[in-house]
Structure formats: structure tokens, C-alpha cells
Amino acid sequence: MKGLRSSLHERGQRLTPQRERVLALFEEIGAGRHLSAEDVHQRLRSTQTAVGSTSPSGGVSLATVYRTLRLLSSLELLQELELPDGGRRFELAGDAQHRHHHHLVCVRCGRTEEFEDGAVLSAGANAAEAHGFQLLECVLNVRSLCPSCAAATSP
Ligand SMILES: [Zn+2]
Ligand SMILES: [Zn+2]
């Protein structure tokens, strides 16, 4: 837990205006919404205001957005979700309770629904304990087809 604490401690110094802007974007849309780096990039462009380090094109590059998202995740301000296709989504880190929520992820369109299940958490906690591991996060991502994609693929 030492790493977590020191990163939280550094939070103040490391939140540049750009990072704050990305975080504010997530706060605006609220918890439980999952955005890709591309989504965030697009939203930043559409709500473009002058920010310190702008490139000649006037915007923030996708790579910068991605780095910012990873950083905010490492500071535990955002939560990172890995999709079945290797893509990533980011969401506002919830409270301790919400942290352990799970996702149904449609492998076709990427639609994501959250659910909670105490049994999954205790399974993770038990397994961690049995192996002497310290549980940090227990998240289940379920590969699935959403109703509309399932309807589209059935004959
Ligand atoms: Zn989620
Ligand atoms: Zn779908």
C-alpha cells in the first residue's frame, strides 16, 4: 500500500491543467461511464479551450491523452478496463465499494454494462489468501454479445 499512498501524496504536484481537464471530463460524464482514449481525445477537441501545452494543430495529441489516462489510472483517480480485443477503456475511480465492480463487455461493439457480485470478490479474496497474495483489485470482465449484436449475428 506504500506505493498507493505516495502516489496520492504526489497528486497535487502532478496534476497539470491538461490532466485536470481530462479528469474533469470524467467527472462531468459521471461514474460508470467508460471511455476509450479516442473518446476522450474527441471530447477534448470538441470542447477545446486554450490550454498551456498545445501543439501547432491547436490540440492535444492522442498519445498525450493516452499517457494522461495511464497516469491518472496509476494515481487511482481513474480505473482502467481492458477490453477483449486489447483496447482499453477508462472510467472515474469509484469509492472502495464500486472499485470491485465487474463488466459485461460486448466483443462486437464494445458496449459495457457494469454489475456487482460479492461472490466474485470473495472468490478473489479467498484465492489471494490461499496463495499469500495481497488483494488489490478483483474485477471480472465478461466477454459477451449485447442484445443488438446477438440479434444481428443470429440467422
Ligand atoms: Zn466500470
Ligand atoms: Zn454489441
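Residues numbered from 1 in each chain as written. Chains lettered and ligands numbered in written order. Predicted model: local features only at pLDDT ≥ 70, side-chain atom pairs only at ≥ 80, totals over all residues.

It is worth spelling out the overall build of the protein chain at this point. Within the protein chain one finds seven helices and five strands. Counted from the first residue to the last, the protein chain has its helices and strands arranged as α-α-α-α-β-β-α-β-β-α-β-α. Per-residue burial for the protein chain yields a buried fraction of 16% across its 155 residues. In the protein chain, of all internal contacts separated by at least 6 residues, the share reaching a separation of at least 24 is 56%. (Helix = DSSP H or I, 4+ residues; strand = E, 2+ residues; numbered from the N terminus. Buried ≥ 20, exposed ≤ 12 C-beta atoms within 10 Å, placed from the backbone. Contact = placed C-beta atoms within 7 Å.)

A few words on the nonpolar core. Ranked by internal contacts, the top residues of the largest apolar core, which has 14 residues, are V22, V40, V65, L69, L72 and L78. Elements supplying a minimum of two residues to this core: α2 (17-29), α3 (37-46), α4 (62-74) and β2 (88-92). Here L72 is in contact with R19, V22, L23, L77 and L78, once residues within four sequence places are set aside. (Core = buried A, V, L, I, M, F, W, Y, C linked by C-beta atoms within 7 Å.)

This part is about the packing of α2 against α3. The N-to-C vectors of α2 and α3 enclose an angle of 100 degrees; their axes lie 11 Å apart at closest approach. The angle between α2 and α3 falls in the class roughly perpendicular. Of the residues in α3, those in contact with R21, V22 and L25 of α2 are V40, R43 and L44. Of the residues that constitute the contact of α2 with α3, the class distribution is four nonpolar, no polar and two charged. (Axes fitted to C-alpha atoms, helices over the stretch in contact; angles between N-to-C directions. Parallel < 35°, antiparallel > 145°, perpendicular 65-115°, else oblique. Nonpolar A, V, L, I, M, F, W, Y, C, P; charged D, E, K, R; others polar.)

What follows is about the sheet that holds strand β3 (residues 102-106). Paired through their backbone hydrogen bonds, the strands of a sheet run either parallel or antiparallel. With mixed pairing, three strands are arranged side by side in an open sheet as β4-β3-β5. Each having just a single partner strand, β4 (112-115) and β5 (141-144) make up the two edges of the open sheet. Across the sheet, the axes of successive neighbouring strands diverge by a mean angle of 20 degrees, strand direction being ignored. Two strands pair when backbone bridges link them, and β3 and β4 are joined in this way by four bridges, in the antiparallel orientation. Paired with H103 across the two strands is E114, which belongs to β4. (Pairing = 2+ DSSP bridges.)

Before going further, it helps to examine the pairing of β3. Between β3 and β4, which pair antiparallel one after the other, the connecting turn spans five residues, and G110 there sits at a positive phi close to 85 degrees. In the sheet, β3 pairs with β5 via four bridges, with the strands oriented parallel. For H103, the partnering residue across the bridge sits in β5 and is N141.

Right, let's get into α3. Where α3 is concerned, the buried positions are A37, V40, H41 and L44. For α3, the angular spread of the buried residues around the axis is 100 degrees, confining them to a single face. Of the exposed residues in α3, those oriented more than 90 degrees away from the buried face are E38 and S46. In the core, the buried residues of α3 are packed alongside α2 and α4. (Arc of directions from axis to C-beta.)

A word on α2. For α2, which comprises 13 residues, the first-to-last C-alpha distance of 18 Å matches the rise-based estimate of 18 Å (1.5 Å per residue) to within 8%. Phi turns positive, to about 90 degrees, at G30, one or two residues after α2. (Expected span 1.5 Å × (residues − 1).)

On to unusual backbone geometry. At E76, a position not held by glycine, the phi torsion is positive, near 65 degrees. Checked against the element boundaries, E76 lands in the loop between α4 and β1 (78-82). For E76, a count of 14 C-beta atoms within 10 Å corresponds to the partly exposed category.

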